Structures are given as structure tokens and as C-alpha cells.
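Coordinates in review
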Amino acid sequence: EELFIEQATLLRKHGAAVVVMAFDEQGQAATESEKIRICKRSYDILVNKVHFPPEDIIFDPNVLTIGTGMEEHANYGVDFINAVKKIKEMCPYAKISGGISNLSFGFRGVTKIRESIHAIFLQHAIMESGMDMGIVNANELLAADEVEPDLRQICEELVMNSNPEATENMLAATQRERKRLEQLKKGGGVAQKEKSWRDLPIKERLTHSLVNGISQHIDGDVEECRNAFDKPLEVIEGPLMDGMNVVGDLFGSGKMFLPQVIKSARVMKKAVAYLLPFMEEEKRRVLIEKGLDPDSADQDSDSQYAGKVLMATVKGDVHDIGKNIVGVVLGCNNFKVYDIGVMVTCEVIIEKALEYGVDIVGLSGLITPSLDEMVDVAKQFQIRGLKQPILIGGATTSKTHTAVKIAPNYFNPEHPVIHVLDASRAVTVVQSLLSGENKEEYVEDISEEYEEIREDYYAGLEDRNYLSFQAAKENKKVIDFDAIPVAPKPRIELGSHKCAPCPLEDILDYVDWNPFFQTWELRGKYPNRGYPKIFNDERVGNEARKLFDDAQEMIKKIIQDKSLWLDGVTGIFAANRSPCGEDVIVYEDNTRTKRKATLCMLRQQAEKEHDGPHLSQADFIAPEGHEDYIGLFAVACHGATDLAQKYENDNDDYNKILVQSLADRFVEAYAEKLHRDIRVELWGYAKDEKLEKEELLKIKYDGIRPAPGYPSQPDHTEKHTYWDLMDAEQLAGIKLSEHLSMIPASSVSALVFAHKESEYFAVGPITKEQVGDYARRKGKSVEEMERWLGPILSYH
């Protein structure tokens, strides 16, 4: 135990998660009780003595071999499955893993048999007991419903030890499979005529089209189906929704991926669009027969949907790719989605929620000011007496922020506030909230989890220590600007400049495709996590390749018709660190006699385990007496909003989201290229740089380009100064919203530091003392700066 504690302490120091095997001084845990006892003992030591984060503990309670013919081995599968459930209950937040191949070791050499046993075992361990992860052969992994019915029954009996003859029955099945394989090797297989899916009955053809995203035959198939029903609405409520239910089930079980689901939605929308004129005609006929005026009746009945969800990107924020994806996925599961757009005020959100009578409201945002806006929306929902649950999503949102900042303003058993990590989770959350019998238990579980998060958060604030602001300043990073000189005078004239036209073709080599696949929720497993290795991934590789090929075709079309274009502005200015050491003074010219602007910086204050400095970006600029400089730029990809709208008008969500995700990649690539141009040509402080794309993405160059709103510079209000210095709106057409989100959404801005000693870092939590000093230097009130800096305040 002493060595266990010593090693665990070292691992915690390095921030590592741990896999804990169920072994102790007596050996390997085999039975259910032994597995539980050893894992609980390990958990108590790790959490209570070592103070190890419980969410970083992964237990492996030993998957052992069944089907050996030895009676003492027969219950090993049941022991593991039962132990998983109890360990999860007794060890909160811990994860469970296991090496699955051990289970069927006795049947090695017969892949079909082994993988069938694994499929049934995993079905129980995951769905019933909550197993989180496992070591499997992904190439041959089966779902339980893919196992042949007769073999499935034998596997079920073997895994669950429910038939004394299970091992004998499995051996017989294994012999039959071996004989079949031998016959195939000898050429004894029976050739079968391949059937086309177009030969299937009409309902199955519609399901096939929806699952596979095939729109080629949809109008003809829908027409054929319409003629088989009394009313066109019955086609939607019947075969089309049946097909979409299949899509939803496959996506929910991980057998379909986001790009496929969005293609399915495109087919569904085209089918509904074909039926709409017939439905309108049918509706008018029925109303006339009833003696009613068809022109005054409700044209937007939504009674056939499973539920109604309002979705909005909050005030001041223009980002909506994630929201669009969630909307499509919910639509695929028969939820009516009212997407009311971006930069939506709280008043409009409330107004539309009441007007549409929605069941749930979803709030989205990407920039940090959106977090406070979501808090305000929750407060107003409470004041106005709304009853709809609120879902929170977006890149800067988190479960912790939702639990600590938003939920206390509105959460109760009737209308909880829930953070949704990504599109794949949205359907489950919405279904749980609209399920009369399951909602109470689901919300109670969320409430308990959020209460624990709040307790941990506030305990963490109390436990963490901070230097006084003065002490942090005294521990700044000290650069010897005589020994390591500042960058040379820029080659271009000081001041701001509109960037030269940059065709899309010129930035394609700079595109980082990894975030593109992340947007589409395609994630390869090691060693195939990143681009281009993701194409080799057994699970998502094929779909990733299809998506990538579609993106290449879209790029060709965009370049040909010039529907998207790049614009930008850059500026390089004479600059020095301020006398107080916390800001950067920007001068009108190189005489450095007249101040043009002040860039205010923030400094780290949290105590560190090592002796490193408490960093501020001001540390990277030389004080007076040195001729130092600072750069800025802002770039945008224009046209994406209009092109996305065009595809939306054509009921084509897939290409709409493809355009938006490509626009984000284009502008990031342009930022990468422009930063290189600044280093090598415009400023020229690294004129001999010759780095490959992979080296650029790994930041092997000199200097940094921190962006406002990110960890090194978390204050969005500095954008006002950037925009004034560069004249960014006039020269590049990039506007700032009320909450300082850049418009268009596919925009990037940054400072450029040239010194070799400059580095990326996270400011982290700061104290009220620094907030007050920062507000004074900016000429703002403490209250206003607290609002903008809310996510990094060390106090409540």
C-alpha cells in the first residue's frame, strides 16, 4: 500500500489519469465481491489519502475467460457485469475499463464466435452496468443486434451463465463455424445473386434512402408512397418517420455519424418539400368541406411532432454552426425546431418561446461574454415565470459554468438548466426531459450532480492560494533585452495596412483539417486520431473520407464561382512596456514621443507548484530605451452567410453546414499564412524561416499571436483598441457586435509578439485587487470589468 500511495502521488503531480487493475496483496480479483472490495479500497486510498481526482480514476476489474469447461470459470462474465454496476455506485466519477479479448480466449481462431460473445457481453456491461471503455479489436467489433439469432441465444446463455450446457452448445457452434470456413477455403461457398435496394418494397426503399442519404430517387418514391396512402401527411407520419427513427437509433447507438445524419435530414426535407403542396391542397379541401375559410386557418400546425424546441445564439454572438448541427439532429428525431438565429436578445427569446409554445429552449454561444448573457436569460426566465427547461451549449460553455453560474438562477425539478456537450447528446437530453415517467429521476440526477460540482468549485476557490498583485508583478518574467535583442524595425511602413488580395487557392496548404473533423464529431482512435490518419480509422475512417471528398468538391465550386472571399488588415506599431510594467504603450511613430493607444494586459496570480514567473503579455515587450514593436491583424472569410442561406433555402442542411465549417477553416488558414507573411516579409524578423506546415501548426516559429478572448488575453474589450488602431471595419469589413463578437462569424484577430522569449500561457483566476487596478488603467468601473472578466475571477 505504501508503494501504491507513492506512485499515485507522483502520477497526480504530473496530472495523469490512472488505470487501476483489481489486484491486491493476495493476487487477482476473480469473483464479484473481490473485484468490488479491491476497487473500493483503491478508490478510498486514491481519493481520501492521495487526493486524486476521482474522474481521473479508471478501474479494470479483470475480464476473465469463460467457456473453459471449468465450473469455477462459468460465472466470470456475470461477476464482471455485476461488479461494474456496484463499483460505479460506490466509487462516484470513476470509470470502468477491461480487456475484452480475455473473455473468449478459449475460442481463439474462430473470429465470428469470439466477436459474437464480446458483443453480448458488452451489451450487458455497457447498457446495464455502465462500463465506460474497453480494449477491443475495432476491426471486428459487432453490435449485439448483428449477431445471428441462434448464436445470440447461445452467447447469452454462456455470458450470463444461465444454462449448464452453454459451453457444450458454444463448442458445437464453434465446430459448425470451423467447418463453414473450411468449405469456403475449398471453394464450397454458394454464390448468391446480388439484389439491388431498388427492388425492395417502397417503405424499405424510403428507409434505405434516408439511412444512406440518397436523394436521387426520393421524389419518385415519395409519389409512389403517396398513392398508397389516403393522406399525404400519413406518408410523413408513417414510412418517412419510421425511416428517420431508424436513423435516430443508429446515431444514438454510435452506428451512424454526424455527416450521415445531416445527409439523412437533407433527404427528409426534400421528401417533405415534395409533399407540402399536396398537404396544403388536402388541408384546404377539408376546411372547405367543414364550411371554414382555408385562408384564415392555422397553417403551421405542429401537433405531429414529438416536442418543440426553440434555439437561439444569444445577444452579441454570431456563431451558429454547433446550433445548426443540433437543430438538424433534433429534427431527425421528430422534434420541431424553431431556430430564431444569432444575436438574439433575451426579450425576443422569451417572446418567441411563448409565441411558439415550445417545450424546451436551447441557448448557444461561442465567445465568453455569451456566458454572462446566458445567466441574464436564466434570471429573466425566472422573473417572467417561464416553465421551459433551458439547454446550454457552445464552445466556451461548460458543465461547471452551467452548474455554478446559470443553474442557480432558474433550475428546479420542473424546468432544469442542463449543459449539452455536443449534438450526439442533445437527443437523449430532450427525450429525457419530455418523458413523463423518466423526467423526475433524470432531473434529480442532474440536480445532485450539479450540486456536487458547485461544492467542489467553491471548495476549490477556498483551497487555491493567490499572490498579491504586487507580489505577482515582482515575480514577472525578466527578459534581458540586451542579451536577446528585440526584433528589427519592420520592413513595411509603421501603421495599419489593408492586406493585398489573397485568393483562396493561396491558403489551402495552410488549412488545419483536424478542427474540421471535430466540428462534424468525427474522432479517430489512437493511432488514427488526426488528419490524415483519421482515414485509416476502422470506425470513422470511411465517413471521414467521404466528408473530406465532399469538402474538396465544395472548395472547387467556391473557387470557381468566387462565392467566398478573404479580406484582412494588419498593423505594426512602435511600442514599449509601460513604466508600471503591466501595459503596452503604442506610439504614433518611431519617434516615440506621442502615445497613440495603450494595450492593457492581465497577469497570472495563482500560486505555482514550481518557481516559474507569473506571466503577463507585457513582459514580452521591451521597456523605454529599446526600439520595440508590436503587430496586430484581423482577417475574415466573407460570403459564407449568403451561401449557407442559399443551401438552407434548398433544404440542404448538409451543404449549409459544410460551407460554414469550411469558412472557419479558410480564415484560420489565412491567419496562419498572414502571420507567416508578417514574420518573413512584412516585418521580416524571421526572414530566413523555412518551416513545413506541420511545424507551423506545432508553433515552431519565433513569437506568438494571442487572440482576444483566449487564455493569454481573456478580455474581449481590448478589441475596441485593436479596431481603432487598425481601422479594421473600414479596411477589412469586419464589425464588432454589442458583445464584441466579430462579424462575419468566420473572423480571426490577434496581437503579434516577435520576441523569441514570448510564449503562450493562461492568465487563470485573478483577484479583485488586480481587477480594480486593471479597471483603473482602462478607465472603466470595477463592476463593468467584472462582467467582462467573469470566467477568470477568483471570487464569487
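In what follows, the accompanying structure is described. If you're wondering where the values come from, they're calculated on a predicted model, not measured in any experiment. (Residues numbered from 1 in each chain as written. Predicted model: local features only at pLDDT ≥ 70, side-chain atom pairs only at ≥ 80, totals over all residues. Heavy atoms only, no water.)

1. Remarks on the environment of glycine 27
Here glycine 27 lies in strand 3 (residues 27-28). Residues glycine 27 and serine 746, spaced 719 residues apart in sequence, show a C-alpha to C-alpha distance of 57 Å. Discounting residues that sit within four places of it in the chain, glycine 27 has contacts with Ala22 and Ile38. (Helix = DSSP H or I, 4+ residues; strand = E, 2+ residues; numbered from the N terminus. Contact = heavy atoms within 4.5 Å.)

2. Quick notes on the layout of surface pockets
Put simply, the second largest pocket is a space of about 430 Å³. Asp372, Val375, Lys379, Lys405 and Gly790 are the residues nearest the centre of the second largest pocket, which is lined by 17 residues in total. Mapped by element, the contributors of at least two residues to the lining of the second largest pocket are helix 13 (369-384), helix 14 (399-406) and helix 26 (782-788). In terms of residue count, the dominant contributor to the lining of the second largest pocket is helix 13 (five residues). (1 Å grid on protein atoms, 1.4 Å probe; cavity = no way out; pocket = protein on both sides within 12 Å on 5 of 7 lines; lining within 4 Å. Points joined across faces, edges and corners; volume = space filled by probe spheres on them.)

3. With respect to the sheet that holds strand 10 (residues 417-419)
Strand order across the open sheet formed by five strands is 7-6-8-9-10, with parallel pairing between neighbours. The sheet is open, and its two edges are formed by strand 7 (335-339) and strand 10, each paired on a single side. Here the strands of the sheet are splayed against their neighbours by 25° on average, with no regard to which way each runs. Where strand 6 (residues 307-313) and strand 7 come together, five bridges link them in parallel fashion. If you follow lysine 308 over to strand 7, its bridge partner there is lysine 336. Lying on the sheet, helix 12 (residues 346-356) is in contact with strand 6, strand 7 and strand 8 (360-364); it crosses strand 6 at an angle near 165°. (Pairing = 2+ DSSP bridges. Axes fitted to C-alpha atoms, helices over the stretch in contact; angles between N-to-C directions.)

4. Focus on the sheet that holds strand 5 (residues 95-96)
Adjacent strands of a sheet pair through backbone hydrogen bonds, lying either parallel or antiparallel. Across the sheet, three strands lie side by side as 1-4-5; this open sheet has parallel pairing. A single partner strand is all that each edge strand has here, and the edge strands are strand 1 (18-21) and strand 5. For strand 1 and strand 4 (residues 57-60), the ladder comprises four bridges, and the chain directions are parallel. Bridging across to strand 4, valine 18 finds its partner in isoleucine 57. Along the sheet, helix 2 (residues 32-49) makes contact with strand 1 and strand 4, crossing strand 4 at roughly 160°.

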